[in-house]
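The residues making up each chain are set out below.
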Amino acid sequence: MILLFMLAEFCLVIGYICKAHRWKLFISVYEEPSDSNLLNAMSIGHALNALFPVRIGDVVRIIWSGRKLKNGFSLSLATVIAELYIDVITVGAIYFCLSIIGKGGEKLQLVAHIYMLIFMVVIPATIIAILCRKQIKKMIIKVASVFNHKIEFRILYVTYLCIASLKDISLRINKVKFIVFTIGIWAGYFTSYMALSGFFQQYGIHYTTSDVFTELFSGSTFYHVSYETFLIWVVYLLLPVVICGIISFMIRQRENEVEVYRKTLPQMNQADRLAFLQTYYMGENRENIQSYLEINRDVVVVEDASAGSNASTVVVMKNGGIFYRKYAFDEDGVKLHEQINWIEEHQGDIPLPVISDKRNEFNYVTYDMPHYSGAIGLFRYIHTMPFEYSWKIIEKALNDIKNGIHEKNKRPADEAAIEKYIESKITGNLRIINDNRHIKNLESFSEIIVNGRQFPTLKYYSEMFEKEHLKKIFSGDYYADIHGDLTIENIVCLSDRSDIDSADYEGKIQPQNYYFIDPNTGNIHDSPFLDYGKLLQSLHGNYEFLMMVNSVRIDENHISFMMARSENYGMIYERFKQYLIENFSSRDILSIYYHEVVHWLRLMPYKIRKNEKLAVVFYTGLLSVLEDVRVMEYGER
């Protein structure tokens, strides 16, 4: 008789171990959990669920396991809900089969009918949830938005995890192991129930296997039985907890702490995480959201370092190091793939970053660059270091790019390419600019007043944009390989080179005190003058300072906004003008300044799409540059 009881306990422990391993499959989608932690949580939870009328055991299981999960209680809650969903379906199916074959008494039949009612609610609710998921998400975000940001984030995060984890589990879980462990669970359970039933009957208590099953899964307690029977049930349920505790202690002695894990949300910053969840629940860019999670599933996003392009840049932590990760979707991904090819092609010509972890998928492209400890953007360097230091880096960069890539593939300008350049980059963008409702209103005036300073509106410069005039300006250009986006922010300075791995730069130019990033292909008119025009956009047009403007006031033809000014920028601009005079003819310099104008025109549609009112700030930058170029060309305003 005692052997039957021991067999019942042994098989129940086997069932718990299989169930803990199946639960681990769910959690392993995001991180590698502790086997001992899950086994303890599982055994305690099951015992409490059987002994108490409400499922307090599941709450204890969530808390017990969640305190040791790197993704916290939210992941524990989401995976327990996923498990409970599967168990409700499984137990209900077992009850249905037992009732069909006539096993068990009235109590089993009653419980079977209760589960049938649960099925009638759960299954249609599941179908409705799938079909109406967009509406449900919008309802969730409306409810969450009523609360403060902290509570809003918690509501969105937990519900997101419940939705995302079910989807991730169904896609990523090892389905063979899932089936094996599920069979192991119920094989262990039913063998245990049969052995316990045999023990009861030998003890003189009438319990069939179906009776044991019904007692455990009907949600009732054992208070209606005799004191002796109650003690047997208590020992049966609590002894496995002790056994599992001993097993988990032995496992824990051999376990190593695993630091690498996938965060359920990759962002480190709470505001960034909330912004992502709000976008997710609004149903915007659904495919790109899933791709974003796929791109960053094995890293921690420390910071969003995106600038003024359609490609995004984030600072990530992975494998104990910090990297810049660039990614873009769809057509922008095609451009980013061209950028990868350009960097790899020219790493023997000029200082460029090493590319790693590049991926070219069906709707996105991504690659990583090292984040050197001594690296600092040239914009910050200019404003923290002596002027001469900054100019020496810029001068070296200019000479390196002039003697490096601007000498490659040199050829005369192509008239057809010039016409295409004028139509797509100038005429086409002017149409987009003039369609903006704020700019259209401003263009009804002959002049606008920007922070107290008068500027003629765009129509005043119409003759400068005439096709024949532009063809004459650009006809003296020559073509070569170019960077294409040589703004201040795309030159990175190095104050410390100790963490640069020379092995990464075998056969390439290793950065000394700077390197270039983010080239732009697809310029049509591949003249080196575009590179100098881009640098003018920073130093002459104050592009980086305009990027810092976050609000603008428009009152008829009066525009006002707060913008910082930089004495260092002004000094470097004067030195850069001298550099141009020393290296180029007056005709070439005029073409370079016209290319700066074109860069402003190319920027405007992107700014209009992003924020049509704030785009007016960059419109004023365009007008300021146009005024100077007109004076340069005609000697008058």
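Bear in mind the structure is a predicted one, so any value in this text is a computation, not a measurement.

From N to C terminus, the protein chain includes 23 helices and 14 strands. In summary, the protein chain has a C-alpha radius of gyration of 34 Å against a globular reference of 26 Å for 637 residues, an excess of more than 25%. Taken over the C-alpha atoms alone, the protein chain extends approximately 115 × 55 × 40 Å along its principal axes. When each of the 637 residues of the protein chain is scored for burial, the buried share is 50%. Pairs at least 24 residues apart make up 73% of the contacts formed inside the protein chain by residues separated by at least 6 positions. For the protein chain, the accessible surface area stands at approximately 30100 Å², while carbon and sulfur atoms represent 58% of it. One way to put it: in the protein chain the 66 positive side-chain charges average out to a point 5 Å from where the 72 negative ones average out.

Among the nonpolar cores identified, the biggest contains 102 residues, and Phe474 and Phe576 are the most heavily contacted of them. Residue contributions to this core peak at 12 residues, all from helix α22 (residues 586-610). Residues Ile140, Leu277, Tyr280 and Phe329 belong to the second largest nonpolar core, which totals 47 residues.

In this section: the pattern of salt bridges. In this structure the tally under the stated criterion is 29 salt bridges. The salt bridge partner of Lys24 is Asp35, with a shortest N-O separation of 2.9 Å. With Lys24 in helix α1 (residues 2-27) and Asp35 in helix α2 (residues 35-51), this pair connects stretches of sequence that are 11 residues apart. For Lys24, a relative accessible area of 15% puts it in the buried group. Put simply, Arg411 and Asp526 hold a salt bridge, and the shortest N to O gap is 3.9 Å. In this pair, Arg411 sits in strand β7 (residues 411-412) while Asp526 sits in the loop between β12 (514-516) and α19 (529-539), placing the two residues 115 residues apart along the sequence. With a relative accessible area of 24%, Asp526 lands in the partly exposed category.

The next subject is the packing of aromatic side chains. A full pass over the atoms with the stated rule returns 28 aromatic pairs. Centre to centre, the rings of Tyr16 and Tyr189 are 6.2 Å apart; their planes meet at 85°, and the pair counts as edge-to-face. Of the two residues, Tyr16 is situated in helix α1 and Tyr189 in helix α8 (residues 175-203); the sequence distance between them amounts to 173 residues. The residues Tyr16 and Tyr189 share a single accessibility class, namely buried. Relative to Tyr515, the ring of Tyr372 lies with its centre 6.1 Å away and its plane at 90°, an arrangement referred to as edge-to-face. Note that Tyr372 is positioned in the loop between β5 (364-370) and β6 (375-377) and Tyr515 in strand β12, a separation of 143 residues in sequence. Aromatic ring contacts, followed pair by pair, group Phe5, Phe199, Phe200, Tyr207, Trp233 and Tyr236 into a single cluster. Stacked on the ring of Trp23, the Lys or Arg Arg61 has its end atom at 4.7 Å from the ring centre.

It is worth spelling out the side chain of Asn557 at this point. Tracing the sequence through the fold places Asn557 in the loop between β13 (553-555) and β14 (558-560). Judged by relative accessible area, Asn557 falls into the buried class, the value being 14%.

This part covers the environment of Tyr160. Summarising the element assignment, Tyr160 is placed in helix α7 (residues 149-172). The exposure class of Tyr160 is buried, given its relative accessible area of 3%. Setting aside anything within four residues of it in sequence, one finds Tyr160 in contact with Ser165, Thr264, Leu265, Phe276, Leu277, Tyr280, Tyr281 and Leu293.

In this section: the sheet that holds strand β1 (residues 300-304). The strands making up a sheet are joined through hydrogen bonds of the backbone, oriented either antiparallel or parallel. Across the sheet, 5 strands lie side by side as β1-β2-β3-β5-β4; this open sheet has antiparallel pairing. Of all the strands in the sheet, just β1 and β4 (356-360) have a single pairing partner and so form its edges. Averaged over all pairs of adjacent strands, the angle between strand axes in this sheet comes to 25°, irrespective of strand direction. Judged from the 7 bridges that link them, strand β3 (residues 321-329) and β5 form a sheet pairing that is antiparallel.

A cluster of like positive charges, contributed by Arg133, Lys134, Lys138, Lys142 and Lys167, occupies part of the molecular surface. Of the residues forming the positive patch, the biggest block, 4 residues, is contributed by helix α6 (residues 133-144). Its place among the elements puts Lys138 in helix α6.

Taken in spatial order, the 4 strands line up as β9-β8-β14-β13 in an open sheet, and their pairing is mixed. Each end of this open sheet is capped by a strand with a single partner; those strands are β9 (453-456) and β13. For this sheet, the mean inter-axis angle between neighbouring strands, taken without regard to orientation, is 25°. One ladder, built from 4 bridges, connects strand β8 (residues 447-450) with β9; its direction is antiparallel.

Moving on, we come to the environment of Leu530. Looking at the secondary structure, you find Leu530 in helix α19. Leu530 sits in the buried class, given a relative accessible area of 0%. The spacing of Leu530 and Val598 is 68 residues in sequence and 9.0 Å in space, taken between C-alpha atoms. When residues no more than four places from it in sequence are discounted, the contact partners of Leu530 are Tyr421, Ile482, Asn523, His525, His595, His599 and Arg602.

Here we come to the packing of α1 against α2. Any two packed helices are characterised by how steeply their axes cross, that is the angle between the axes, and by the distance between the axes. Between α1 and α2, the shortest axis-to-axis distance is 9 Å and the interhelical angle comes to 120°. What the angle tells us is that α1 and α2 run oblique. Taken as a pair, α1 and α2 cross one another with a handedness that is right-handed. For the pair α1 and α2, the contacting residues are Tyr16, Ile17, Lys19, Ala20, His21, Trp23, Lys24 and Ile27 in the first and Asp35, Leu38, Leu39, Ala41, Met42, Ser43, His46 and Ala47 in the second. Of the residues belonging to the contact of α1 with α2, the class tally is 10 nonpolar, 3 polar and 3 charged.

Now for the side chain of His406. Of note, His406 is situated in the loop between α15 (387-404) and β7. Among the polar contacts listed, one links the side chain of His406 to the side chain of Tyr532, at a separation of 3.5 Å.

Buried residues dominate strand β2 (residues 312-318), accounting for 5 of its 7 residues. Both β1 and β2 contribute to a ladder of 4 bridges, which runs antiparallel. Paired with Val300 across the strands is Met317, a residue of β2. Summarising the sheet, β2 and β3 pair through 7 bridges and their orientation is antiparallel.

How each quantity is defined
- Residues numbered from 1 in each chain as written.
- Predicted model: local features only at pLDDT ≥ 70, side-chain atom pairs only at ≥ 80, totals over all residues.
- Heavy atoms only, no water.
- Helix = DSSP H or I, 4+ residues; strand = E, 2+ residues; numbered from the N terminus.
- Rg over C-alpha atoms; globule rule 2.2 N^0.38 Å.
- Buried < 20%, exposed > 50% of the residue type's maximum accessible area, 1.4 Å probe, protein only.
- Contact = heavy atoms within 4.5 Å.
- Areas by Shrake-Rupley, 256 points an atom, 1.4 Å probe, with all protein chains shown as cover.
- Lys, Arg positive; Asp, Glu negative; His and termini not counted.
- Charge placed at Lys NZ, Arg CZ, Asp CG, Glu CD.
- Core = buried A, V, L, I, M, F, W, Y, C linked by side-chain atoms within 4.5 Å.
- Salt bridge = Lys/Arg side-chain N within 4 Å of Asp/Glu carboxyl O.
- Phe/Tyr/Trp six-rings, centres within 6.5 Å; stacked < 30°, edge-to-face > 60°.
- Lys NZ or Arg CZ within 6 Å of the ring centre and 35° of its normal.
- Pairing = 2+ DSSP bridges.
- Axes fitted to C-alpha atoms, helices over the stretch in contact; angles between N-to-C directions.
- Patch = residues over 30% accessible without salt bridge, like charges linked within 9 Å, V, L, I, M, F, W, Y side chains within 5 Å.
- Parallel < 35°, antiparallel > 145°, perpendicular 65-115°, else oblique.
- Left-handed = near helix turned anticlockwise from the far one by under 90°.
- Nonpolar A, V, L, I, M, F, W, Y, C, P; charged D, E, K, R; others polar.
- Polar contact = N/O pair within 3.5 Å; in protein donor to acceptor, adjacent residues only side chain to side chain.

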